[in-house]
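Here is what each chain is made of, one letter per residue.
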Amino acid sequence: MAHNWDFATILQNWPVLWVGIKGTVFIFVITVVLGLGGGLIVGVARYSKSPFVSWPARAFVEVFRNTPVLVQIIWFYYAFPILTGIETDPFLAAVLGISLNTMAFSAEIYRAGIQSISRAQWEAGKAIGMSYNQTLRRIILPVAVKRVLPALTNRGIEVFKMSTLASVVGYVETLNQAKLISDLNFNPIESYTAVAVIFFVVLYPVVQGTYVLERMLRKGD
Amino acid sequence: MSEILRIENLHKSFGDLEVLKGIDLTVQSGETVVLLGSSGSGKSTMLRCLNFMETPTEGKIHLNGELIGTERGGRMRYREAELCALRARIGMVFQHFNLFPHMTVLENVMEGQVIVLGRAKPEAQDKAMAQLDRVGLAEKATEYPARLSGGQKQRVAIARALAMDPEVMLFDEVTSALDPELVGEVLKTIRQLAEDGMTMLCVTHELGFAYHVANRVLFLHEGTILEQGEPQSILKAPATDRMSEFLEGHSLFKLPD
């Protein structure tokens, strides 16, 4: 099967794609900050000795880890407004779906990191008079987060790619715009190939950058 | 000399296992007390109860005349904030050093001062440098713990505890994890502290150290103090068979002629 590649139509529609790329980056930044930041809070709560804190955190993790993000986004767009009376738009529905799912996954990563720190470190903090919270914040988390950085990087990459799911409710991002170009120019092969290339071109340097960051943080180990 | 630490009827159980079965002890300010005993005798647990790394099941602990905790309904109750404040007043050094790996030597020694005592950073830094100088490691201030030898790590851990201006120091088998040739430098540091008048309780297997440095030696067996006395008499002429066996078991132990 021969296909005559024709990227000219893609280049002609570059401004359309550019709008999509900006939409992708925007929702990525919001969801990665909310997801990885909120995950830290849920992860710490999950580790708590108090069942009143750890149990809700655990329930949260299980609900959002075991349901598909795509379904969550659709649910927040169609079902949530009817059930709660709170209006959602495509952006909000996608942010909720992706962030909550990312929080659930990254919470488990943080918890694994905290658990990997030896009990001796807790004792060392305790012995100089630090409270649980001080020891957690000053002694445990800095080392734990550094240790799980590769896993968090993976999550970040996943979040970037999950942003394409927002297209299902009509949020304007790269995949959504490519579909638009494809519908108008009858060139789905080039359009979707362009999307794949764009994601790779953006992600690859970012991932290389995180390797450098990891190496820099390795000082003292 | 004045009383600094008083322990009354200290009991500690882990589940069904009773590790400490009623310990009474009064420590005078400036005293060096060495705790001996075979593994499982409760010596480490006793030490860890003094700064509430373990909460005693029963009994009372007084530091500088004040009772720790409050008695209610025939039991001692402890608030976490009170225990944190207490731990800041009692230094503890561990077998495995437990330095903070993500901080430099200097930051390790400053951490408690800044975070717990609320000292200003310049003051904490001066204090930290003074204590590092005291243990002979001022030139390692900017290194990370991973770059230090075991003996150096342990001396940093001692400096970290000293920087808090503790009223009592607890040493929990601090040379047990060290290579034999590194034991000396750590023991020398602790001996210097004893000579400077620091009040100390040491769990150790170094009988030579006990002999030369301790004012008093306690021999623990099955959760009680079986014997105690001045090292020169108790180590040479133990009163109980159990302690004689224990001393014979330490083949490294040689009495000076």
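You'll find the structure just up there.
Residues numbered from 1 in each chain as written. Chains lettered and ligands numbered in written order. Predicted model: local features only at pLDDT ≥ 70, side-chain atom pairs only at ≥ 80, totals over all residues. Heavy atoms only, no water.

Undergrad: Run through helix α9 (residues 241-249) of chain B, naming residues and quoting values.
TA: Residues lying three or four places apart along an α-helix face the same way, a consequence of the helix completing one turn every 3.6 residues. All names here are of chain B. For α9, the complete set of buried residues consists of Met 243, Phe 246 and Leu 247. Projected onto a plane normal to the axis of α9, the buried residues spread over an arc of 95 degrees and lie on a single side. Exposed residues on α9 whose side chains face more than 90 degrees from its buried face are Asp 241, Glu 248 and Gly 249. (Buried < 20%, exposed > 50% of the residue type's maximum accessible area, 1.4 Å probe, protein only. Helix = DSSP H or I, 4+ residues; strand = E, 2+ residues; numbered from the N terminus. Arc of directions from axis to C-beta.)

Undergrad: Can you tell me about the interface of chain B and chain A, naming the residues and giving the values?
TA: Opposite the 23 residues of chain B that make contact, chain A presents 19 residues. When chain B packs against chain A, the two sides together hide about 1900 Å² of surface, and 62% of this comes from carbon and sulfur. When residues of chain B are sorted by the area they lose upon contact with chain A, Phe 100, His 102 and Ile 115 of chain B head the list and together hold 25% of the total. Where chain B touches chain A, the interface holds 2 salt bridges. When the shortest N-O distance is used, the salt bridge between Glu 123 of chain A and Arg 48 of chain B registers 2.6 Å. Applying the counting criterion to the chain B and chain A interface returns 6 residue pairs in polar contact (both at pLDDT 80 or more). Contributing elements (two or more residues each) for the side of chain B that touches chain A: α2 (80-89), β8 (90-93) and α3 (105-115) of chain B. (Contact = heavy atoms within 4.5 Å. Buried area = accessible area lost by both parts, 1.4 Å probe. Salt bridge = Lys/Arg side-chain N within 4 Å of Asp/Glu carboxyl O. Polar contact = N/O pair within 3.5 Å; in protein donor to acceptor, adjacent residues only side chain to side chain.)

Undergrad: So what's going on with the packing of helix α5 (residues 90-116) of chain A against helix α8 (residues 149-162) of chain A? Residues and values would help.
TA: Residues and elements named next belong to chain A. Relative to each other, α5 and α8 sit at 170 degrees, their axes nearing to 10 Å. Taken as axis vectors, α5 and α8 run roughly antiparallel relative to one another. On α8, the residues touching Ile 98, Asn 101, Thr 102, Phe 105, Ser 106, Ile 109 and Tyr 110 of α5 are Ala 151, Leu 152, Arg 155, Val 159 and Met 162. Looking at the contact of α5 with α8, its residues break down into 8 nonpolar, 3 polar and 1 charged. (Axes fitted to C-alpha atoms, helices over the stretch in contact; angles between N-to-C directions. Parallel < 35°, antiparallel > 145°, perpendicular 65-115°, else oblique. Nonpolar A, V, L, I, M, F, W, Y, C, P; charged D, E, K, R; others polar.)

Undergrad: Tell me what's going on with the pattern of salt bridges, and back it up with residues and numbers.
TA: Going through the model one piece at a time under the given rule, you end up with 25 salt bridges over all chains. For Lys 43 of chain B, the salt bridge is made with Glu 173 of chain B, and the minimal N-O distance between the two is 3.9 Å. With a gap of 130 residues between them, Lys 43 of chain B in helix α1 (residues 43-50) and Glu 173 of chain B in the loop between β9 (168-172) and α6 (180-195) connect regions that are remote in the sequence. With a relative accessible area of 4%, Lys 43 of chain B lands in the buried category. Note that Glu 54 of chain B and Arg 48 of chain B form a salt bridge whose closest N and O atoms lie 3.0 Å from each other. Classification of Arg 48 of chain B by relative accessible area gives buried; the value is 11%. Where salt bridges share partners, they join Arg 46, Glu 62, Arg 65, Glu 108 and Arg 111 of chain A into one cluster.

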